Amino acid sequence: MAVPARTCGASRPGPARTARPWPGRGPQPGPGARRSLWLLLPPLLLLPLLAAPGSSAYSFPQQHTMQHWARRLEQEVDGVMQIFGGVQQLREIYKDNRNLFEVQENEPQKLVEKVAGDIESLLDRKVQALKRLADAAENFQKAHRWQDNIKEEDILYYDAKADAELDDPESEDVERGSKASTLRLDFIEDPNFKNKVNYSYTAVQIPTDIYKGSTVILNELNWTEALENVFMENRRQDPTLLWQVFGSATGVTRYYPATPWRAPKKIDLYDVRRRPWYIQGASSPKDMVIIVDVSGSVSGLTLKLMKTSVCEMLDTLSDDDYVNVASFNEKAQPVSCFTHLVQANVRNKKVFKEAVQGMVAKGTTGYKAGFEYAFDQLQNSNITRANCNKMIMMFTDGGEDRVQDVFEKYNWPNRTVRVFTFSVGQHNYDVTPLQWMACANKGYYFEIPSIGAIRINTQEYLDVLGRPMVLAGKEAKQVQWTNVYEDALGLGLVVTGTLPVFNLTQDGPGEKKNQLILGVMGIDVALNDIKRLTPNYTLGANGYVFAIDLNGYVLLHPNLKPQTTNFREPVTLDFLDAELEDENKEEIRRSMIDGNKGHKQIRTLVKSLDERYIDEVIRNYTWVPIRSTNYSLGLVLPPYSTFYLQANLSDQILQVKYFEFLLPSSFESEGHVFIAPREYCKDLNTSDNNTEFLKNFIELMEKVTPDSKQCNNFLLHNLILDTGITQQLVERVWRDQDLNTYSLLAVFAATDGGITRVFPNKAAEDWTENPEPFNASFYRRSLDNHGYVFKPPHQDTLLRPLELENDTVGILVSTAVELSLGRRTLRPAVVGVKLDLEAWAEKFKVLASNRTHQDQPQKQCGPSSHCEMDCEVNNEDLLCVLIDDGGFLVLSNQNHQWDQVGRFFSEVDANLMLALYNNSFYTRKESYDYQAACAPQPPGNLGAAPRGVFVPTIADFLNLAWWTSAATWSLFQQLLYGLIYHSWFQADAAEAEGSPETRESSCVMKQTQYYFGSVNASYNAIIDCGNCSRLFHAQRLTNTNLLFVVAEKPLCSQCEAGRLLQKETHSDGPEQCELVQRPRYRRGPHICFDYNATEDTSDCGRGASFPPSLGVLVSLQLLLLLGLPPRPQPQVQVHASRRL
């Protein structure tokens, strides 16, 4: 409801104002304006406001008046910085000490080629170790003699899960007393592994759902024991080696050195065959179409089994694979919004998994519709895909149609598409047609009668895909390097070199070559070890090295910082998500993926370290491929980081003199010194407390010299030099100045060498900036911006306002020191001041008023005179603020807003901030953070029974036939498995892996930042609020990151407008269905093994369908009740095929 004009602001004290009707429309804003209700007003239209009878006549300030105020503000800031900042004086100090340092040059091409060569050498050493392991494994297995009668007590090994199982009284091995074959080891802490290890033994991990005492597993343990000596010899030749692992196709993992398994708090679902590195090494990339039978014959339990099976199948795919999922009855249709094959990345697989849960069973079975849909998907050549292995995975409860005509049309005679069929649930159908489909199309037939068979049977297809690799022999023995992922044993982020291990045995003389893959050999390389090969501090605060793989995912990048990691999934952060995406970066990314060299200078946007600001900057990108890998390395340098200083402190007397200024005893006279917590020496103890770190540093320096071999001489010399240089700044500028005269809380200087000096010493108590200048937002932004950068204190909207007590709240103002030495220009330091918030707020009022200085009396406007409002006298009617380039409040003439300094201005005055945005003073940038961590969502009320479970009726219970049916025993089995496996269907994957209930999970956050738009001039505008319009004036302050805004205070509630949001918010990310229509450029591995003319496809799965026998089923359930391990039938079949 509109408020009558006469009521607007009627109770407001002070000079009277009347509400004005909306004046006639004036000139419209320029192209940057976004809404028609914002109106630019030329100065002639800024007419004096009508005054109430008998009141003083005040008008909104004229444009030239406000420009005058702006100039006064600019001059005041510049004057203070000239006196106290010491930019010019610091330049002179550097020049006076020119003999103490050299100017070195960063040559991008040479730098990036050297680092790429060092990384190549590092990885090559791991490759040689991998090849020795793979060759040895193949020879050991070939020489091994199979033992049918092997027993557990015949094998002695260290079971990595033994200690955890001994602590668990319900463990099957404790109950069965089978610990006689398990070694008990002692361990020592090793910082390289971040773990306790034993270098004399290997450790063995066997998945929970595999019986350790089976003949196949015992034979596997027997022959792999010989790998222990090879592991040790590898470490002797290369002591930097980390985990060396053999992942067997049977599920056994043998790794070195031995360490206890990181036992989860819940059931351990770790299976090496589902690890990203194993999947990549065991087969070539895949194009997979999963089709699911949703006809009416699929019961509730069977459909649930199918849904779970599909999700488990998706987990066997990596980012090199492409997939689509469809359901079918009489017709086939995709389960999700994806209409074609899409990359099997984490986000796409999530869409599939959620969509699969919505499948509903109805209609009749139509295999033809399902297969025709799948073949059409695989024949679509107009999309990006793997273009290697092609396969169809069909899940069904059974049927009689063999759809031979479909195979003849689409797949025969070449049989380029493999068909895998899965008979799901317990039923009486003839499975012969399903077996025939798989055997006739180079695939395999599997049975999934119950929950326990899902995991093993949705991953065994990898054995079939590995056949062409095995038959290709040495040609397929190529090392591949993985994406980044989280090490399961706590090493952190790693990449792994993988090499397949083949079965070289033959059944007899003249027999065909064996075509089974034995497993995958892997060696981990920690990302931190690769980072150590990159230049740390010579690139400056804003220079960095990065690397990407063929998918465009970053291997190295300063923004690769996952808040949470799930070791079941790789860490896939795209280069264009690690930085703010633009066309230039797309071109750079494509060139790097193609393995090219290149160099390009671009103008781009960068996000500040605290993610509150956006800066437009110039960057030089240089890139080269890392030979013998799928990686490409890039170097990013700002122009001002082309050169850097290298201290040359050969004079030991001078070293000692400068070092004394690091001692706390000098702080009272020279100011407090924070030193960057860098790795100056090997024996230096680190600490998060800078005072303690400085103490540790001083104690170490009393024992060693800056030239010691155990220390980084470059870092130490530069630190000591900067200590002396900043002390001279104190001596020449700060010590003789009275900070209180200009209402300053502190002055400071920070340097590339790692020194932050704050003066006076007492100001250090309230210093909250990062002691590492390279990690301080003010430091990095000052380097990227010309002029003075204001930084108000950071305020979170959820926290209480600032407490303005004891003058402790300050506003940082900083600027870079640009040093020119000959033709070489660099920025080795940043200097600044810390303004007293309250005092400068009062000063701000005076500078934006009609007074020339603070002591001059305020000008009074008589009844017969005409006056312009100003920010001091008329602060009850006129709002005057300084807002920084991110849209955060810096200063205000409103006392009640002082505690809101540092908040996004939309939270202070939503109406005015929206006007500034719509008039192009600000531009908005939205992006997504794919590495965020979110609190777990509270579980919903799912009721007492698992979702999708068949619930029998009273009539069923009274029917004897129902008790002997497959459905009964399948339901009974599900309940028993639920007791053993802790609600399989409902347990979250992260929970199953043992994460605490309260653990944060990975999520996507939407970030919004604002930065100055295209408007540089000052102008006036009017905000249309019906009968309560607002005039405002906005102008950028020269040589600062500030916007000066003068506006009428709102009179009516009608002026309330939509609020701009800046706070990070939870998001599902960009719409995946739209993103897949324009996929980012990528390339798959350079090699593909999907066909070999000598492949024997006769082993394609055999199963038998039998009517349920009451006696047999009762016996099986009794075994389950006794706690014996479940042994799914297909698992036994596969193991039997491995007897050699």
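Residues numbered from 1 in each chain as written. Predicted model: local features only at pLDDT ≥ 70, side-chain atom pairs only at ≥ 80, totals over all residues. Heavy atoms only, no water.

**Observations regarding the overall build of the chain**
Check the secondary structure of the chain and you find 33 helices and 40 strands. Among the 1140 residues that make up the chain, the fraction classed as buried is 59%. Contacts in the chain between residues at least 24 apart in sequence constitute 74% of all its contacts with a sequence separation of at least 6. For the chain, the accessible surface area stands at approximately 47,600 Å², while carbon and sulfur atoms represent 49% of it. (Helix = DSSP H or I, 4+ residues; strand = E, 2+ residues; numbered from the N terminus. Buried < 20%, exposed > 50% of the residue type's maximum accessible area, 1.4 Å probe, protein only. Contact = heavy atoms within 4.5 Å. Areas by Shrake-Rupley, 256 points an atom, 1.4 Å probe, with all protein chains shown as cover.)

**Remarks on a negative patch on the surface**
Taken together, the side chains of Glu 354, Asp 1068, Glu 1071 and Glu 1074 make up a negatively charged region of the molecular surface. You can see Glu 354 is positioned in helix 10 (residues 346–356). Exposure remark for Glu 354: the relative accessible area of 53% places this residue in the exposed category. (Patch = residues over 30% accessible without salt bridge, like charges linked within 9 Å, V, L, I, M, F, W, Y side chains within 5 Å. Salt bridge = Lys/Arg side-chain N within 4 Å of Asp/Glu carboxyl O. Lys, Arg positive; Asp, Glu negative; His and termini not counted. Charge placed at Lys NZ, Arg CZ, Asp CG, Glu CD.)

**A look at the packing of aromatic side chains**
Enumeration over the complete set of coordinates arrives at 45 aromatic pairs. With a centroid separation of 6.3 Å and an interplanar angle of 75 degrees, the aromatic rings of Trp 277 and Tyr 278 are classed as edge-to-face. Tyr 278 matches Trp 277 in its accessibility class, with the two residues each being buried. The rings of Phe 193, Tyr 199, Phe 231, Trp 243, Tyr 255, Tyr 256, Trp 261 and Tyr 270 are connected pair by pair, giving a single aromatic cluster. The positively charged end of Arg 235 is found above the aromatic ring belonging to Tyr 199, 3.5 Å away from the centroid. Sitting over the face of the ring of Trp 840, Lys 843 holds its NZ or CZ atom 4.4 Å from the ring centroid. (Phe/Tyr/Trp six-rings, centres within 6.5 Å; stacked < 30°, edge-to-face > 60°. Lys NZ or Arg CZ within 6 Å of the ring centre and 35° of its normal.)

**Here we look at the pattern of salt bridges**
Overall, the coordinates contain 40 salt bridges when judged by the stated rule. Here Lys 368 ties to Asp 405 by a salt bridge, and the two come within 3.6 Å at their closest N and O atoms. One end of the pair, Lys 368, is in helix 11 (residues 367–379); the other, Asp 405, is in helix 12 (residues 404–410), with 37 residues separating them in the sequence. On the accessibility criterion, Lys 368 (38% relative accessible area) is partly exposed. By relative accessible area, Asp 405 is classed as partly exposed at 43%. In this structure, Glu 581 and Arg 1080 form a salt bridge, with 3.1 Å as the shortest nitrogen-oxygen distance. Highlighted residues: Glu 581 in the loop between helix 18 (575–578) and helix 19 (583–593) and Arg 1080 in the loop between helix 31 (1072–1075) and helix 32 (1110–1121), separated in sequence by 499 residues. You can call Glu 581 partly exposed: its relative accessible area is 34%. Of the residues examined, Arg 1080 reaches a relative accessible area of 31% and is grouped as partly exposed. Here the salt bridges share partners, and the residues they tie into one network are Asp 574, Asp 577, Glu 581, Arg 589 and Arg 1080.

**Description of empty space enclosed by the protein**
This structure, assessed with the given rule, holds 17 cavities of 30 Å³ or more. What lines the largest cavity is a set of 23 residues, among which Tyr 537, Tyr 644, Leu 645, Asp 752 and Pro 828 lie closest to the centre. If you list the elements that add at least two residues to the lining of the largest cavity, you get strand 25 (643–647), helix 23 (713–734) and strand 31 (824–836). With five residues, the top contributor of residues to the lining of the largest cavity is helix 23. A per-class count over the lining of the largest cavity returns 14 nonpolar, five polar and four charged. (1 Å grid on protein atoms, 1.4 Å probe; cavity = no way out; pocket = protein on both sides within 12 Å on 5 of 7 lines; lining within 4 Å. Points joined across faces, edges and corners; volume = space filled by probe spheres on them. Nonpolar A, V, L, I, M, F, W, Y, C, P; charged D, E, K, R; others polar.)

**A short note on the nonpolar core**
Counting 102 residues, the largest nonpolar core has Leu 916, Tyr 922 and Phe 1044 as its most contacted members. Counting residues per element, this core draws most heavily on helix 1 (residues 63–85), at eight residues. Here this core spans two domains, since at least three of its residues come from each of domain 1 (76–106 + 650–796 + 805–837) and domain 5 (880–933 + 1002–1066). If near-sequence neighbours (up to four positions away) are discounted, Phe 1044 is found in contact with Met 66, Trp 69, Ala 70, Leu 73, Phe 844, Ala 848, Val 881, Leu 882, His 1033, Ala 1034, Gln 1035 and Leu 1037. Formed by 52 residues, the second largest nonpolar core is a distinct cluster that contains Leu 242, Tyr 256, Ala 282 and Val 520. (Core = buried A, V, L, I, M, F, W, Y, C linked by side-chain atoms within 4.5 Å. Domains from an automatic or database assignment.)

**Observations concerning the sheet that holds strand 23 (residues 614–625)**
Taking strand neighbours across the sheet as the criterion, the five strands line up as 21-20-24-23-22 in an open arrangement whose pairing is antiparallel. Each having just a single partner strand, strand 21 (554–556) and strand 22 (598–607) make up the two edges of the open sheet. Strand-to-strand twist across the sheet, computed as the mean angle between neighbouring axes with direction ignored, equals 35 degrees. With six bridges connecting them, strand 23 and strand 24 (residues 632–637) associate as antiparallel partners. Across the sheet, Val 624 pairs through a bridge with Leu 633, a residue of strand 24. Of the strands in this sheet, strand 20 (544–548), strand 22, strand 23 and strand 24 are in contact with helix 19, which crosses strand 22 at around 135 degrees. (Pairing = 2+ DSSP bridges. Axes fitted to C-alpha atoms, helices over the stretch in contact; angles between N-to-C directions.)

**Remarks on the packing of helix 1 against helix 25 (residues 837–847)**
Running from amino to carboxyl end, helix 1 crosses helix 25 at an angle of 140 degrees, the nearest separation of the two axes being 9 Å. As summarised for this structure, helix 1 and helix 25 are arranged oblique, according to the angle between their axes. When helix 1 is examined against helix 25, the residues Trp 69, Arg 72, Leu 73, Glu 76 and Val 80 are found in contact with a partner set consisting of Trp 840, Lys 843, Phe 844, Val 846 and Leu 847. For the contact of helix 1 with helix 25, the per-class residue count stands at seven nonpolar, no polar and three charged. (Parallel < 35°, antiparallel > 145°, perpendicular 65-115°, else oblique.)

**Description of unusual backbone geometry**
With an omega of -5 degrees, the peptide bond running from Tyr 256 to Pro 257 counts as cis. Tracing the sequence through the fold places Pro 257 in the loop between strand 8 (253–256) and helix 8 (276–282). Phe 759 connects to Pro 760 through a cis peptide bond whose omega is 0 degrees. One can find Pro 760 in the loop between strand 28 (755–759) and helix 24 (777–784). Non-glycine residue Ser 628 carries a positive phi angle of around 70 degrees. Within the secondary structure, Ser 628 sits in the loop between strand 23 and strand 24. For Ser 628, a relative accessible area of 64% corresponds to the exposed category. Even without being glycine, Asn 1039 reaches a positive phi, approximately 65 degrees. On the secondary structure map, Asn 1039 appears in the loop between strand 38 (1030–1036) and strand 39 (1042–1048). When its relative accessible area of 39% is taken as the criterion, Asn 1039 is described as partly exposed.

**Concerning the pairing of strand 37 (residues 1019–1023)**
Taking burial as the measure, the five residues of strand 37 include five buried ones, the bulk of the element. Alternating positions in strand 37 separate into two faces, Tyr 1019, Ala 1021 and Ile 1023 on one and Asn 1020 and Ile 1022 on the other, with burial throughout. Relative to strand 38, strand 37 runs antiparallel, the two being bridged by five bridges. In the sheet register, Asn 1020 faces strand 38, and the bridge partner there is His 1033.

**Some remarks on the state of the cysteines**
This structure, assessed with the given rule, holds six disulfides. One disulfide in the model links Cys 388 with Cys 1088; its S-S distance is 1.8 Å. Classification of the bridge connecting Cys 388 and Cys 1088 rests on its S-S torsion, roughly 100 degrees, and on that basis the disulfide is right-handed. A residue pair is termed long-range when its members are at least 10 positions apart, and Cys 388 in the loop between helix 11 and strand 13 (389–396) and Cys 1088 in the loop between helix 31 and helix 32 qualify at 700 residues. The residue that forms a disulfide with Cys 439 is Cys 1100, at a sulfur-sulfur distance of 1.9 Å. (Disulfide = S-S within 2.5 Å.)

**Regarding the side chain of Ser 1067**
By secondary structure assignment, the location of Ser 1067 is in strand 40 (residues 1065–1067). Reaching out from Ser 1067, the side chain makes a polar contact with the backbone nitrogen of Gly 1069 at a distance of 2.8 Å. In contact with Ser 1067, other than residues within four places in its own chain, are Tyr 928, Val 1004, Met 1005 and Lys 1006. (Polar contact = N/O pair within 3.5 Å; in protein donor to acceptor, adjacent residues only side chain to side chain.)

**Points about the sheet that holds strand 30 (residues 810–821)**
Pairing is antiparallel across the open sheet formed by six strands, whose spatial order is 26-28-27-31-30-29. Of all the strands in the sheet, the pair left with one neighbour each is strand 26 (672–675) and strand 29 (789–791). Pairwise comparison of adjacent strand axes, ignoring direction, gives a mean angle of 20 degrees for this sheet. Two strands pair when backbone bridges link them, and strand 26 and strand 28 are joined in this way by four bridges, in the antiparallel orientation. Bridge pairing in strand 28 links Ile 675 to Ile 755. Set on the sheet, helix 1 makes contact with strand 27 (744–751), strand 29, strand 30 and strand 31; between it and strand 31 the angle comes to about 110 degrees. Contacting strand 26, strand 27, strand 28 and strand 31, helix 23 crosses the sheet at an angle of about 20 degrees to strand 28.

**Considering the pairing of strand 20**
Counting buried positions over the five residues of strand 20 gives five, a clear majority of the element. Of the two faces of strand 20, both are covered, the one formed by Tyr 544, Phe 546 and Ile 548 as well as the one formed by Val 545 and Ala 547. Relative to strand 24, strand 20 is paired through five bridges, and the arrangement is antiparallel. Looking at the pairing, Ala 547 lines up with Leu 633 of strand 24.

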